[in-house]
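Breakdown of the fold
Below are the chains, spelled out letter by letter.
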Amino acid sequence: MVLNTLDRVAVVASAQTQLRGAWDRLQHVDLISRAVDGVLRGSGLRMRDIDVVINSGSDVLDGRSISNCGFLGAMGANHKEESRVEEDGLFSAVYGTTKVACGSASVALIIAYSKPSESDVSGYYATLTDPFYQRALGLDHLGAAGLMANQYLTSTDADEEALLRIAAESWRKAGDNPLVETGDVPSRADIEASDLVADPLRALQISRPVDGAVAVLIATERVARRVTDRPVWITGMGAAMDSHFIADRAPGELEACQAAARMATKRAGLTDVSGVGLAEVTAGSSAGEAMVVEALGLAKRGHGVDCYADDASVSVNPSGGALPADPIMATGLVRLAEAAERLAGRRGDADVGTRALVHGSGGLGMQNHCVFTLEV
Amino acid sequence: MRNVAVVGAGQTNHARRRKDVTQVGLAREAVTRALEDADLTMDDIDSVVVCTGPVLFAAVNQPEKWLVDAIGARLKPVVRVTSGGGTGLAGALAAVNQVRGGFADRVLVVAYDKLSEGALQYSISTLYDPFWGREFAVGIMGFSAAYWRARMDTLGHTEEAAAMVAVKNHKNAMLNPYAHVRKEVTVEDVLNSRPLCWPIKLLDVPPISDGACAVVLASEDAAKGSPDPAWIRGMAYYSEGENVAHRSMIQSEPLTIAAKSVYQQAGITNPRRQCDVVEVQEPYTCFELSYYEGLGLCEPGGAAELIASGATAIDGDIPVNPSGGCMGANPIGATALIRLAEIAQQVRGRAGDHQIPDAKVGLMQAGGGWANLRGVAVVSNTKG
């Protein structure tokens, strides 16, 4: 891969709406406006300082072709360079970062949003399987997550107790995150007692689709130094897509996530991830989350749950992660925002070190992966 | 900024219905041709950018997830950029930034649509606000007809002038082996063809096609093995976010802004004289007239005179759409990238029967949405 040095590029600000089961009194455009207003507030930057707007959302979830066209005003994109990356929002951040890194923009506004409460999430996932051989079977994200969880349990030493613990920890942390609406936080017992949706996974072990929007500003070092005293540097990026057919993928592990992480860490000049104190990762289920932290090199294969121990050297998903709140297409960009805010010390005093890994994913059974390395 | 070049391009044989291939088989055909043209294999490709029209066009959600295996891109970065009809150029721009920003050295851009498998105008109608617009089922034609009508009065873009665009592009498509429609028409044929949404008539409208295009972009180092790189001298893609009532569709502002930016990047002060060949994406004949003005090939209001003078014919001084443009083939998600591929092949001397002799600088335009997304690029056989 290419290793020429990026000009220094930083995440300088972020804003989110609360992530909720349903924002039933706000439209997509309202959610986007709130995130965009929020990210500019206090930055000293105005809309006219934004050079490019890159956004993620889904025509299928929105029920609308070229749906970005309906939101260009709210995104501040009028008469600006704008593009829609129809994939998880972290991939939009890749685009924005390359644009800033090469000097063709000084400030990039990255936006991602989701309103699955108005859509059919199973239909969204089922329609991205092969139309001839799989769709008629109704394979959706739930079935895919169950199949992959079984592969994980049978090919490693991990057990169902580990999967329950990961889900319980995720919900507990989300309960402390004011940006996630959780209601009464379910306990481990509640999770174990929830409906068996896709064996071995119970309802509360599968990511919960939520409504929300997130905006992130990415800028050159020169702008970053003026906007914030804590720029969060983007030191590496990687991405990789796995096979479409789940049966063609390696059982119980995520090779594409490993490849994406290798590309990012190599770029960042990291020989291992021992210096990483914080990871914000995306997953479709508790088993998926274990597989992601293992693919990122934060735990040995089958031991992802170790990252959730009280004495773990890395803090995984202090935000709660994607299990309690998955704004489909925006989830990875929320992870970037959460990690950057914490590294910059704007989310309380918890010591998360100076380096973070951020992970986003898209597709059925997490077919596509993207990894960022951040540093302060 | 790192220099970036097109080092290979390929397209499919376009047709109304390609029954012999699946959607991904269609895309693979273009990829195979582009890699052969570049004398490279998938092993040489660092990253893939996929472009298609809105997913409702071909009724598969996130089609790139299906494509990855068909083109052998497993475990490489693969992402889809979508931007309506201009998506092929929006994707190429993302790829250019991947190279310039150091994310990749060689990027494969794949753009395709298999419009025979979806409901095109239904899909376009869903563009409009679901509460106030969708029930009108306006598609894109009524909107375009209204603005052409306005440009008739203000700019003199007559039905006859637009008919000349159809005549020229149909004639040029006869020289293009990939074209889907290869049939000459006369000005009278166009004027007498069935009105669909006046002033738009049947022969003002391009066909609906199945087709794909692929382009390999490379950094200067990675282009060293290429005998004839087509250097990207400028590329931009702009949006207009305002509602229709506040927009000037007499001259497209996003097109003017994009052209200004690209000419600045490429050092072009007089596009009519400095460019040797032009490819534009004309969803209806009237748009090609509008682009002449937006691109500065003539003054505002000069388009009818420009087409009538023969200057934009294949043997004119500023040939536009020697490939036949969308009139020859219109696989919407691929058309913008086809325009880029065509000007790249022109400056590489690989355009075949519709080669413009000694072409050194090529200009292209593409766009999408409700005519609110507009992009421009300039390529040349020198780095500048």
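Procedures and definitions
- Residues numbered from 1 in each chain as written.
- Chains lettered and ligands numbered in written order.
- Predicted model: local features only at pLDDT ≥ 70, side-chain atom pairs only at ≥ 80, totals over all residues.
- Helix = DSSP H or I, 4+ residues; strand = E, 2+ residues; numbered from the N terminus.
- Rg over C-alpha atoms; globule rule 2.2 N^0.38 Å.
- Contact = placed C-beta atoms within 7 Å.
- Buried ≥ 20, exposed ≤ 12 C-beta atoms within 10 Å, placed from the backbone.
- Axes fitted to C-alpha atoms, helices over the stretch in contact; angles between N-to-C directions.
- Parallel < 35°, antiparallel > 145°, perpendicular 65-115°, else oblique.
- Nonpolar A, V, L, I, M, F, W, Y, C, P; charged D, E, K, R; others polar.
- Pairing = 2+ DSSP bridges.
- Core = buried A, V, L, I, M, F, W, Y, C linked by C-beta atoms within 7 Å.
- Domains from an automatic or database assignment.
- pLDDT = per-residue confidence, 0-100.
- Left-handed = near helix turned anticlockwise from the far one by under 90°.
- Expected span 1.5 Å × (residues − 1).

What to know about the overall build of chain B
Across its full length, chain B holds 13 helices and 11 strands. Computed over C-alpha atoms, the radius of gyration of chain B comes to 19 Å, within 12% of the 21 Å expected from 2.2 N^0.38 for 384 residues, which places it in the range of a compact globule. Across its three principal axes, chain B shows a C-alpha extent of roughly 55 × 45 × 40 Å. Long-range contacts, defined here as pairs at least 24 residues apart, represent 79% of the contacts in chain B between residues at least 6 apart.

Remarks on the overall build of chain A
Within chain A, the regular secondary structure consists of 11 helices and 12 strands. Expected size for 376 residues packed as a compact globule is a radius of gyration near 21 Å; at 19 Å, chain A falls within 12% of this value. Projected onto the principal axes, the alpha-carbon positions of chain A cover approximately 50 × 45 × 40 Å. By the burial criterion, 65% of the 376 residues in chain A qualify as buried. Across chain A, every contact between residues at least 6 apart in sequence was considered, and the portion connecting residues at least 24 apart equals 78%.

A short note on unusual backbone geometry
Looking along the chain, the bond that leaves D199 of chain A and enters P200 of chain A is cis, with omega of 5°. Of note, P200 of chain A is situated in the loop between β5 (196-198) and β6 (201-202). For the bond from W198 of chain B to P199 of chain B, the omega torsion is 5°, close enough to zero to count as cis. In this fold, P199 of chain B is placed in the loop between β5 (195-197) and β6 (200-201). Even without glycine at this site, I66 of chain A takes up a positive phi of about 45°. Of note, I66 of chain A is situated in the loop between α2 (59-62) and β3 (81-85). Positive phi outside glycine occurs at L75 of chain B, with the angle close to 70°. Along the chain, the position of L75 of chain B falls in the loop between α2 (64-70) and β3 (78-82). You can call L75 of chain B partly exposed: it has 18 C-beta atoms within 10 Å.

A word on the packing of helix α3 (residues 89-101) of chain A against helix α11 (residues 331-343) of chain A
A packed helix pair is summarised by two numbers, namely the angle formed by the two axes and the spacing between the axes. Residues and elements named next belong to chain A. Following both chains from N to C, one finds α3 and α11 inclined at 65°, their axes separated by 5 Å at the closest point. Between α3 and α11, the angle is such that the two are roughly perpendicular. Touching G89, L90, S92 and A93 of α3 are G332, L333, R335 and L336, all from α11. A per-class count over the contact of α3 with α11 returns four nonpolar, three polar and one charged.

As for the interface of chain B and chain A
Counting residues at the interface gives 55 residues for chain B and 53 residues for chain A. Contributing elements (two or more residues each) for the side of chain B that touches chain A: α2, β3, α3 (87-100), α4 (120-125), β8 (230-239) and α8 (253-266) of chain B.

Brief notes about the pairing of strand β9 (residues 277-280) of chain B
Residue and element names in this part refer to chain B. With burial as the criterion, each face of β9 is covered, one bearing V277 and E279 and the other bearing V278 and V280. Pairing geometry for β9 and strand β10 (residues 361-368), over four bridges, is parallel. Each residue of the ladder has a partner; that of E279, found in β10, is M364.

Examining the environment of G212 of chain A
Residue placement: G212 of chain A occurs in strand β7 (residues 212-220). Separated by 170 residues in the primary sequence, G212 of chain A and G42 of chain A place their C-alpha atoms 21 Å from one another.

Focus on helix α10 (residues 285-294) of chain B
Residues and elements named next belong to chain B. Of all 10 residues in α10, 10 are buried; the element is thus mostly enclosed. Check the buried side of α10 and you find it contacts α5 (141-155), α6 (159-173), α8, β9, α11 (303-309) and β10. Just downstream of α10 lies G296, where phi reads positive at about 80°.

Let's talk about the nonpolar core
Of all hydrophobic cores here, the largest spans 279 residues; its most connected members are I111 and V216 of chain A together with V109, V110, V215 and L337 of chain B. Two domains each provide a minimum of three residues to this core, namely domain 1 (4-120 + 212-219) and domain 2 (140-204 + 231-380) of chain B. Apart from residues lying up to four places away in sequence, L337 of chain B is in contact with C51, G88, L89, G91, A92, V109, A111, C213 and V215 of chain B.

Some thoughts on the pairing of strand β4 (residues 106-114) of chain B
All names here are of chain B. When you tally the buried positions in β4, you get nine out of nine residues, the bulk of the element. What you see with β4 is no split at all: R106, L108, V110, Y112 and K114 on one side and V107, V109, A111 and D113 on the other are buried throughout. Strand direction decides the pairing type here: strand β2 (residues 47-52) and β4, joined by six bridges, are parallel. Each bridged residue has a counterpart across the sheet, and for T52 the counterpart in β4 is Y112. Pairing of β4 with strand β7 (residues 210-219), which is carried by nine bridges, proceeds in the antiparallel orientation. The residue bridging K114 from the neighbouring strand is D210, located in β7.

What about the environment of E288 of chain B?
Residue and element names in this part refer to chain B. Its place among the elements puts E288 in helix α10. Sequence spacing of E288 and G91 is 197 residues, and the spatial spacing of their C-alpha atoms is 22 Å. Filtering out sequence-adjacent residues up to four positions away, E288 remains in contact with V165, V280, E282 and V320.

With respect to the domain arrangement of chain B
Residue and element names in this part refer to chain B. Taken as a whole, chain B is organised into domain 1 (4-120 + 212-219) and domain 2 (140-204 + 231-380). Inter-centroid distance (C-alpha atoms) of domain 1 to domain 2 is 23 Å. Listed by partner, the interface residues are 34 residues for domain 1 and 30 residues for domain 2. Of all elements in the fold, only β1 (4-11), β2, α3, β4 and β7 reach the threshold of two or more residues within the side of domain 1 that touches domain 2. Tallying contributions element by element places α3 first for the side of domain 1 that touches domain 2, with eight residues.

Re the environment of E118 of chain A
Along the chain, the position of E118 of chain A falls in the loop between β4 (107-114) and α4 (121-126). With 181 residues separating them along the chain, E118 of chain A and A299 of chain A place their C-alpha atoms 37 Å apart.

A short note on the confidence of the model for chain B
Across chain B, pLDDT averages 94, with 97% of residues at or above 70. Interface confidence for the predicted complex, expressed as ipTM, amounts to 0.96; the pTM equals 0.97.

Examining the packing of α3 of chain A against α3 of chain B
At a minimum axis distance of 8 Å, the contact between α3 of chain A and α3 of chain B shows a crossing angle of 60°. It follows from the interaxial angle that α3 of chain A and α3 of chain B lie oblique. Along this stretch, α3 of chain A crosses α3 of chain B, giving a crossing that reads as left-handed. Across the interface between the two elements, Y95, T98 and K99 of chain A of α3 of chain A pack against A94, N97, Q98 and R100 of chain B of α3 of chain B. Tallied by class, residues from the contact of α3 of chain A with α3 of chain B come to two nonpolar, three polar and two charged.

Points about helix α1 (residues 23-38) of chain B
Residue and element names in this part refer to chain B. With 16 residues, α1 should cover 22 Å at 1.5 Å per step; its first-to-last C-alpha distance of 23 Å lies within 8% of that length. Most of α1 is tucked away: 12 of the 16 residues are buried. Those residues of α1 hidden inside the fold are in contact with β1, α2, β4 and β7. Phi turns positive, to about 55°, at D39, one or two residues after α1.

Remarks on the confidence of the model for chain A
Scored by pLDDT, chain A comes out at a mean of 94, with 97% of its residues at no less than 70. Scored below 50 in pLDDT, residues 1-5 of chain A makes 10 contacts in the model with residues more than four places away or belonging to other chains.

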